[in-house]
Amino acid sequence: MDKIKKTVKKSRPFNILKAIRRVLAVSSILMVTLLFLDFTGLASRWFGWMVRIQFLPAVLALNVGVIIALVALTLIFGRIYCSVICPLGIMQDIFAWFGLRQKKNRYSYSPAKNILRYTFLALMVVAVIAGISVIVTLLAPYSAYGRIVQSILSPVWQWGNNLLAHWAETRGSYMFYSVDIWLRSGLTLCVAVVTLAVLAFLSWRNGRTYCNTVCPVGTVLGFLARFSFLKPVIDTSKCNSCGLCARNCKAACIDNKNHKIDYSRCVACMDCISNCHQGAISYGRPQKVSRPESETENAGASRRQFLSVAAVAVTTAVAKAQEKTVDGGLAVIEDKVRPQRKTRIVPPGAQSLKNMSDHCTACQLCVVSCPNEVLRPSGDIMTFMQPESSYERGYCRPECTRCSDVCPSGAILPITVAEKSSIQIGHAVWIKDNCIPLTDGVPCGNCARHCPVGAITMIPSVPGDENSLKIPMVDTERCIGCGACENLCPARPFSAIYVEGNQRHRIV
Amino acid sequence: MTKKNIDRRDFLKRLGLGTAVTGITLAGCKSEAEKVVSAQSSLPSSEVSAEDMTYRVNPKTGEKVSLLGYGCMRWPMMKNPEGDGEIVDQDAVNDLVDYAIAHGVNYFDTAPPYVRGLSEEATGIALSRHPRDSYFLATKMSNHHLARTGLKGRELFDASVAMYRNSFEKLRTDYFDYYLLHNIGGETGLPFLMQRFFDSGLLDFLLEEREAGRIRNLGFSYHGDVKVFDYMLSLHDEVHWDFVQIQLNYVDYRHASGMNFNAEYLYDELAKRGIPAVIMEPLLGGRLASLSDHLNSRLKQREPENSIASWAFRFAGSFPGVLTVLSGMTYIEHLQDNLRTYAPLKPLNDSELALLEDTAVEMISYPSVPCTACEYCMPCPYGINIPAIFSHYNKCVNEGNIPSSSQSEGYREARRAFLVGYDRSVPKLRQASHCIGCNQCAPHCPQSIRIPDELHRIDEYVEKLKQETL
């Protein structure tokens with residue numbers, strides 16, 4: 001009886017730290033998730049800062065203030081970044097929580113997989129310096145979370161929205177409007193599904209394996225966290241070496257036999273503090289810094305390499321928003337097919353293809369934010385999952401700067417609507433064989449009518465004959481590459497005018 | 001003010017003139033028609049009885065035609081259970097026809113191209129379940145569709161006669177009570193008329209058919225170029241038109257849009273010659289079923305229990321030279337409402353007529369597009385849903401959701417209602433931004449709307465709303 005009373009009494013003040021961690025974690029994952037789900041542009045006004053404080057995007061954007069703040073945070077509190085800011089870390093905690101509810105005391109101490117984590121960190125550093133973006137995007141934790149939300153959660157969210165929109169419509173309300181749900185990239189969906197499955201499995205069984213073995217951000221912060229001012233400390237005079245702390249440590253970093261904690265892997269979750277019935281663990285300043293002894297081998301806790309996890313079945317059949325099919329009264333409209341572009345198009349603010357591939361972590365925030373169905377993840381290995389523009393479903397509308405507003409990593413720099421109208425991201429190219437006045441023999445001019453910068457003039461198709469049908473002439477010096485002409489061209493499936501990207505964006 | 005009074009007197013005089021000259025009288029229950037309507041039958045929920053229906057007499061045959069005629073251009077549709085697209089909802093059509101006949105409606109007007117070419121068959125199926133002498137059947141020679149493809153002379157004649165014979169088959173009958181030369185006055189006007197009926201010798205054929213009794217009444221339906229109308233009437237002494245179908249409603253009476261001619265003139269010309277008029281578009285394709293809040297409230301204050309549409313029907317029915325007023329009723333509620341209006345008709349008095357004239361004057365100051373959703377322009381080869389775009393635009397005009405500037409009161413709400421509503425009523429790919437201006441639609445429009453110009457105007461407005469540069 002005495003013992004229980006004592007535990008309850010002692011555990012209460014410690015629980016507050018864990019409760020604070022949980023509240024912060026839940027709020028921050030909700031904010032980031034909403035940011036990715038929201039297509040109205042409202043969330044970015046409120047929670048946009050949440051993605052700017054993400055470590056890797058801040059590094060790529062050379063956002064010195066944020067980097068210093070995060071370093072300071074880690075030097076004071078340890079790796080709480082991993083517990084309350086990183087959405088991928090919080091997501092894993094949620095899976096781990098389910099795992100622990102199913103089976104208590106499921107973890108055990110294991111020594112750090114230093115070779116692996118330093119290899120991944122080195123790989124990351126090399127990739128960033130050498131500009132091998134595919135490695136950066138695959139390893140970046142925040143981006144992995146973004147992809148999961150964009151590819152898997154977002155369609156569900158939008159489907160729910162469309163239900164509400166349908167409901168609103170029957171009541172004559174304009175509160176909700178429906179959006180097209182479409183698969184932007186099957187490959188990105190595959191990557192997201194595999195990432196989610198692997199992480200869910202690992203964290204459910206073993207907690208923070210990914211964070212302490214693969215995640216380069218975790219490794220970097222781990223260096224700093226060794227020297228943090230505050231950290232969980234074991235009072236060896238109280239510890240009875242029961243091992244409860246180690247068996248419930250999702251970071252597998254408590255070596256209870258030696259009363260040691262590997263602070264490079266501790267994510268400061270505060271779970272151990274309340275798990276200790278002896279009240280032997282507290283969060284504070286260590287009395288004396290003892291030199292870590294050589295780590296004992298841990299034979300019992302052998303762990304499956306996450307890399308060898310079996311491939312997960314992926315459903316590629318994603319419902320594509322169908323145009324309402326009607327006949328008789330309405331002609332069938334063929335879908336547009338994406339043209340082969342020699343140079344890909346990146347949105348205004350990206351400055352150049354190089355700037356995009358150097359800074360982008362492929363988090364997909366711009367892709368989900370694009371209200372015009374222009375941006376989608378690239379399938380090319382060199383720019384894997386980084387955004388690119390195409391105009392089959394819409395065009396880069398003059399009043400929109402959403403992608404540049406949300407990008408946290410400096411891949412798409414902020415621009416204003418006025419600046420946008422003078423940034424040449426590409427130039428229109430006319431394809432004579434598809435042009436409607438020449439193929440159907442009717443007047444058209446829809447490209448010229450919709451060019452926001454007046455770069456298209458209609459000229460007689462027969463030289464000198466003012467009465468002949470008119471064909472477009474593009475002034476590439478004025479063209480900004482927005483794709484209005486390509487998107488609104490009546491020629492299908494291939495437009496008679498399409499946009500080629502510019503390697504480096506120019507200012508008119 | 002004085003001018004308006006004179007106009008009104010003038011107008012009433014014309015009504016009187018019509019009665020005197022045509023000799024068409026209110027038949028059946030004339031005394032009942034003029035009787036004060038009982039409180040019971042004016043209630044929206046009340047059932048009307050067939051005996052209350054106002055009938056008009058055809059001066060040639062003496063037959064009693066119900067003032068409410070059924071226009072078969074807007075039958076209810078449903079998803080095709082076997083395959084793509086839509087088909088006519090035959091069960092619903094049968095119910096509508098049964099209800100109409102049970103409540104005294106006896107005039108049914110169809111045409112080969114109606115409802116994507118499905119109307120004649122659907123109408124025929126529904127009507128063949130009733131005795132042939134319990135209704136009057138009207139259909140049309142729609143060979144403008146054939147002539148448009150370039151057919152001429154003998155070829156056009158043969159194709160037209162085939163169309164004529166096909167109508168018998170579809171409508172399951174061996175005679176037509178009323179047969180019309182369809183949509184006279186469109187395209188190039190007189191030359192097109194000549195091509196269709198004179199050069200091909202088709203009119204002579206139809207006159208012979210009338211002699212033979214397979215056509216009981218021969219007439220024409222007219223839109224567009226007034227020269228064609230005048231020319232057709234100049235043939236009256238020779239041909240003896242039994243009836244003529246014109247577009248008449250309180251807007252077109254004096255404020256016809258586009259190339260259309262004021263119905264006042266058309267009606268008077270018919271009345272002078274004693275030719276009964278069949279009225280189409282009494283409701284302007286539904287546009288007169290709901291006006292702006294201001295106009296609605298004025299009408300409602302006069303007749304709080306009657307629909308806005310009832311005013312338009314009373315207007316058309318108040319002309320004594322009108323044989324029947326066609327309404328394309330898709331829903332039973334429309335049918336019930338119109339039955340209440342015409343069973344019996346309460347003719348408009350002079351102050352009510354003045355109110356409608358005033359309503360029309362205000363309406364034409366709005367930027368609405370005078371589209372009646374007849375779909376003659378459809379399908380657009382580039383997939384634009386023309387009537388849906390105009391209908392959305394007109395709805396926004398009526399609801400006051402066309403802000404003229406970003407400083408206007410309620411701009412944000414109106415902008416949202418316009419843009420969100422636009423995407424709801426028209427899929428993006430079928431919106432005005434995709435109109436290339438090829439102008440293939442415009443010649444088919446009976447309201448002579450310059451469709452591409454109007455679409456481009458609406459598209460420019462949408463752009464201004466989207467870019468917030470209004």
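Residues numbered from 1 in each chain as written. Chains lettered and ligands numbered in written order. Predicted model: local features only at pLDDT ≥ 70, side-chain atom pairs only at ≥ 80, totals over all residues. Heavy atoms only, no water.

(A) Quick peek at the overall build of chain A. From N to C terminus, chain A includes 21 helices and 10 strands. Looking at chain A as a whole, 53% of its 508 residues qualify as buried. For chain A, contacts bridging at least 24 residues in sequence account for 75% of all contacts bridging at least 6. For chain A, the accessible surface area stands at approximately 23,800 Å², while carbon and sulfur atoms represent 62% of it. (Helix = DSSP H or I, 4+ residues; strand = E, 2+ residues; numbered from the N terminus. Buried < 20%, exposed > 50% of the residue type's maximum accessible area, 1.4 Å probe, protein only. Contact = heavy atoms within 4.5 Å. Areas by Shrake-Rupley, 256 points an atom, 1.4 Å probe, with all protein chains shown as cover.)

(B) Region of the structure containing the sheet that holds strand E11 (residues 243-247) of chain B. Residues and elements named next belong to chain B. One closed barrel accounts for 8 strands, arranged E4-E7-E8-E9-E10-E11-E12-E13; its pairing is parallel. Going across the sheet, the axis of each strand differs from the next one's by a mean of 25°, ignoring polarity. One ladder, built from 3 bridges, connects strand E12 (residues 277-280) with strand E13 (residues 322-327); its direction is parallel. By the bridge assignment for E13, Ala277 is matched with Val322. Packed on one face of the sheet, helix H10 (residues 202-211) meets strand E8 (136-141), strand E9 (176-184) and strand E10 (215-222) and runs near 145° to E10. With respect to the sheet, helix H14 (residues 263-273) is in contact with E10, E11, E12 and E13, its orientation differing from that of E11 by roughly 170°. (Pairing = 2+ DSSP bridges. Axes fitted to C-alpha atoms, helices over the stretch in contact; angles between N-to-C directions.)

(C) Expanded view of the nonpolar core. In this structure, Phe108 and Trp241 of chain B are the most contacted members of the largest nonpolar core, which totals 103 residues. Those residues within four positions of Trp241 of chain B in sequence are excluded, and the remaining contacts are Leu181, Leu203, Leu218, Gly219, Phe220, Met232, Leu233, Leu235, His236 and Ile275 of chain B. One finds Met31, Val267, Cys269 and Val368 of chain A within the second-largest nonpolar core, a separate group that totals 50 residues. (Core = buried A, V, L, I, M, F, W, Y, C linked by side-chain atoms within 4.5 Å.)

(D) Representation of the pattern of salt bridges in the model. All names here are of chain A. Scanning the entire structure with this criterion turns up 41 salt bridges over all chains. Ionic pairing is found between Lys250 and Asp271, a salt bridge with its closest N-O pair at 3.7 Å. Separated by 21 residues along the polypeptide, Lys250 in the loop between helix H13 (244-247) and strand E2 (254-255) and Asp271 in helix H14 (residues 271-275) bring together distant segments of the chain. Here Lys250 and Asp271 have matching classes, each one buried. As a salt-bridge pair, Arg397 and Glu399 come within 2.8 Å of each other at their nearest N and O atoms. Under the relative-accessibility criterion, Glu399 is labelled partly exposed at 25%. Connected through salt bridges with shared partners, the residues Lys18, Arg21, Asp93, Arg208, Lys250 and Asp271 form a single ionic network. (Salt bridge = Lys/Arg side-chain N within 4 Å of Asp/Glu carboxyl O.)

(E) A look at the interface of chain B and chain A. On the chain A side, the residues contacting the 33 residues of chain B number 34 residues. Between chain B and chain A the total buried area reaches about 3,000 Å² when both faces are included, carbon and sulfur atoms providing 52% of it. Where chain B touches chain A, the interface holds 1 salt bridge. Across the pair Arg397 of chain A and Glu463 of chain B runs a salt bridge, and its minimum N-O distance is 2.9 Å. At the boundary of chain B and chain A, one finds 14 residue pairs in polar contact (both at pLDDT 80 or more). Of all elements in the fold, only helix H20 (411-425) and helix H21 (451-467) of chain B reach the threshold of two or more residues within the side of chain B that touches chain A. Partitioned by chemical class, the residues of the side of chain B that touches chain A number 13 nonpolar, 10 polar and 10 charged. (Buried area = accessible area lost by both parts, 1.4 Å probe. Polar contact = N/O pair within 3.5 Å; in protein donor to acceptor, adjacent residues only side chain to side chain. Nonpolar A, V, L, I, M, F, W, Y, C, P; charged D, E, K, R; others polar.)

(F) Up close: the pairing of E12 of chain B. Residues and elements named next belong to chain B. The alternating pattern of E12 places Ala277 and Ile279 on one face and Val278 and Met280 on the opposite face, and all of these are buried. Bridge count for E11 against E12 is 4 bridges, and the pairing is parallel. Along E12, the bridge assignment pairs Val244 with Ala277.

(G) Expanded view of a nonpolar patch on the surface. Residue and element names in this part refer to chain A. Taken together, the side chains of Ile94, Trp97, Phe98 and Trp204 define a hydrophobic patch exposed on the protein surface, amounting to about 380 Å² of accessible area. At 3 residues, the largest contribution of residues to the nonpolar patch is made by helix H6 (residues 87-102). With respect to the helices and strands, the residue Phe98 is situated in helix H6. (Patch = residues over 30% accessible without salt bridge, like charges linked within 9 Å, V, L, I, M, F, W, Y side chains within 5 Å.)

(H) Focus on H14 of chain B. H14 of chain B sits mainly inside the fold: 8 of its 11 residues count as buried. With its phi angle positive at about 70°, Gly274 of chain B sits one or two positions after the end of H14 of chain B.

(I) Examining the side chain of His505 of chain A more closely. Residue and element names in this part refer to chain A. With respect to the element layout, His505 can be found in strand E10 (residues 497-507). At 3.3 Å, the side chain of His505 and the backbone oxygen of Val346 are in polar contact. Beyond its immediate stretch of four places on either side in the chain, His505 contacts Val346, Pro347, Pro348, Gly349, Ala350, Gln351, Ser352, Ile423, Gln424 and Ile425.

(J) View of the domain arrangement of chain A. All names here are of chain A. Domain parsing of chain A yields domain 1 (2-148 + 190-289 + 301-306) and domain 2 (322-507). Placing a centre on the C-alpha atoms of domain 1 and another on those of domain 2 gives a separation of 43 Å. Tallying the contact residues gives 23 residues for domain 1 and 23 residues for domain 2. Counting each side, the surface lost to burial between domain 1 and domain 2 is near 1,900 Å², with a carbon and sulfur contribution of 60%. Inspection of the region where domain 1 meets domain 2 yields 0 salt bridges. In this structure, the connection of domain 1 to domain 2 is made through 10 residue pairs in polar contact (both at pLDDT 80 or more). For the side of domain 1 that touches domain 2, the residue count by class is 13 nonpolar, 8 polar and 2 charged. (Domains from an automatic or database assignment.)

(K) Quick look at the environment of Cys441 of chain B. Residue and element names in this part refer to chain B. Here Cys441 shows up in the loop between H20 and H21. The class for Cys441 is buried, based on a relative accessible area of 12%. Sequence separation between Cys441 and Cys377 is 64 residues; the distance between their C-alpha atoms is 4.9 Å. Residues in contact with Cys441, not counting those within four places in the same chain, are Cys377, Ile386, Ile451 and Pro452.

(L) Structural context of the confidence of the model for chain B. All names here are of chain B. Of the residues in chain B, 90% have a pLDDT of 70 or more, and the chain-wide mean is 87. Long-range and interchain partners of residues 1-6, a stretch whose pLDDT sits below 50, account for 1 contact in this model, where long-range means more than four residues apart. Across residues 16-45 the pLDDT falls below 50, and counting only partners more than four positions away or on other chains, this stretch makes 42 contacts in the model. For this predicted complex, the interface score ipTM comes out at 0.72, alongside a pTM of 0.73. (pLDDT = per-residue confidence, 0-100.)

(M) Looking closely at unusual backbone geometry. Residue Pro493 of chain A follows Arg492 of chain A across a cis peptide bond; omega there is 0°. Relative to the elements of secondary structure, Pro493 of chain A occurs in the loop between helix H21 (484-488) and E10. Residue Ala343 of chain B is joined to Pro344 of chain B through a cis peptide bond whose omega torsion reads -5°. Inspection of the secondary structure assignment puts Pro344 of chain B in the loop between helix H17 (332-342) and helix H18 (350-364).

(N) Local environment of the side chain of Ser357 of chain A. Of note, Ser357 of chain A is situated in helix H15 (residues 353-359). In this view, Ser357 of chain A contacts Ser133 and Gln386 of chain A; residues no more than four positions away in its chain are not counted.

(O) The arrangement of the packing of helix H4 (residues 90-102) of chain B against H17 of chain B in detail. Residues and elements named next belong to chain B. Look at H4 against H17: their axes get within 10 Å of each other, and the N-to-C directions meet at 10°. Classified by the interaxial angle, the pair formed by H4 and H17 is roughly parallel. Across the interface between the two elements, Leu96, Tyr99 and Ala100 of H4 pack against Ile332, Leu335, Gln336 and Leu339 of H17. Across the contact of H4 with H17, the residue classes break down as 6 nonpolar, 1 polar and no charged. (Parallel < 35°, antiparallel > 145°, perpendicular 65-115°, else oblique.)

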